[in-house]
Amino acid sequence: AQEIGMHLGDGFLSTNRYEYRLKGDKNAEREFYIKVVGPLFKKLYNADLKLQEYESTFGFELNSKAIWEFKTKILDVRPGKKDNIRIPEKFKVNNKSILAAITRGYFDTDGSIYFRSQNKRKNYYPVISVTSMSKGLAEDFMQILDMFGLNPKIYLNRRYWSIVLYGYANFKKFNRRGD
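Presented here is an overview of the structure given in this document. (Residues numbered from 1 in each chain as written. Predicted model: local features only at pLDDT ≥ 70, side-chain atom pairs only at ≥ 80, totals over all residues. Heavy atoms only, no water.)

Looking now at the environment of Glu69. Here Glu69 is to be found in helix α3 (residues 65–74). For Glu69, a relative accessible area of 24% puts it in the partly exposed group. C-alpha of Glu69 to C-alpha of Ile98: the two residues are 29 residues apart in sequence and 22 Å apart in space. Apart from residues lying up to four places away in sequence, Glu69 is in contact with Tyr18 and Ile74. (Helix = DSSP H or I, 4+ residues; strand = E, 2+ residues; numbered from the N terminus. Buried < 20%, exposed > 50% of the residue type's maximum accessible area, 1.4 Å probe, protein only. Contact = heavy atoms within 4.5 Å.)

With 5 bridges connecting them, strand β7 (residues 153–157) and strand β8 (residues 160–166) associate as antiparallel partners. Residue pairing in the sheet places Leu156 in a bridge with Trp161 of β8. (Pairing = 2+ DSSP bridges.)

Attention now goes to helix α5 (residues 135–147). Relative to the 18 Å expected for 13 residues at 1.5 Å per residue, α5 spans 18 Å between its end C-alpha atoms, a close match to the ideal helical length. Buried positions along α5 lie against α1 (2–10), α4 (96–110), β6 (121–132), β7, β8 and α6 (167–175). A positive phi of about 80 degrees marks Gly149, the residue just after α5. (Expected span 1.5 Å × (residues − 1).)

So, on to the sheet that holds strand β4 (residues 57–63). In sheet architecture, strand pairing relies on hydrogen bonds along the backbone and comes in two forms, parallel and antiparallel. Read from one edge of the open sheet, 4 strands run β1-β2-β4-β3, paired in antiparallel fashion. Among the strands making up the open sheet, the edge pair consists of β1 (11–13) and β3 (52–53). The sheet contact formed by β3 and β4 spans 2 bridges and is antiparallel. Pairing of Gln52 across the sheet is with Gly59, part of β4. Helix-sheet contacts for α1 involve β1 and β2 (19–25), and the interaxial angle to β2 is about 75 degrees. Relative to β1, α3 is tilted by about 95 degrees, and along the sheet it contacts β1, β2 and β4. (Axes fitted to C-alpha atoms, helices over the stretch in contact; angles between N-to-C directions.)

This is the structure we're talking about:
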């Protein structure tokens, strides 16, 4: 589930060449790819990834019919553009650990956290956010976050949907493990 969340964030599955790519920011995410993504793909798919730096990204490109068919035919992950992607139905289950894992993978790749000024205090108020081109994907994650007792907000900024969690109560709940 965590790997599928990563795919929903930084992944790309071609429509016809058995190609899968997972790439993130070359500066901010390099360590994450080395310490988390590489070992996870070894564990899940027995794949020794060739992690590398590209022009503005860091990650990998992989040609594997087996992984491509597993993702598309077994897990029902849609290949191609992600402007209308959804969480695959197989992962929309009443299992908090699966939902937490898919959410973790998605926020690990496409999410951010920052502290903003509020009430004349400097940079203390936590804001967790994630954006997507897909309204359906944003709605899917809104439901999960709501189910976990968080108070998510959704906004349309030009053509991107943003899910935002404001404040310390959301910050503490979001960072809990195993709930």
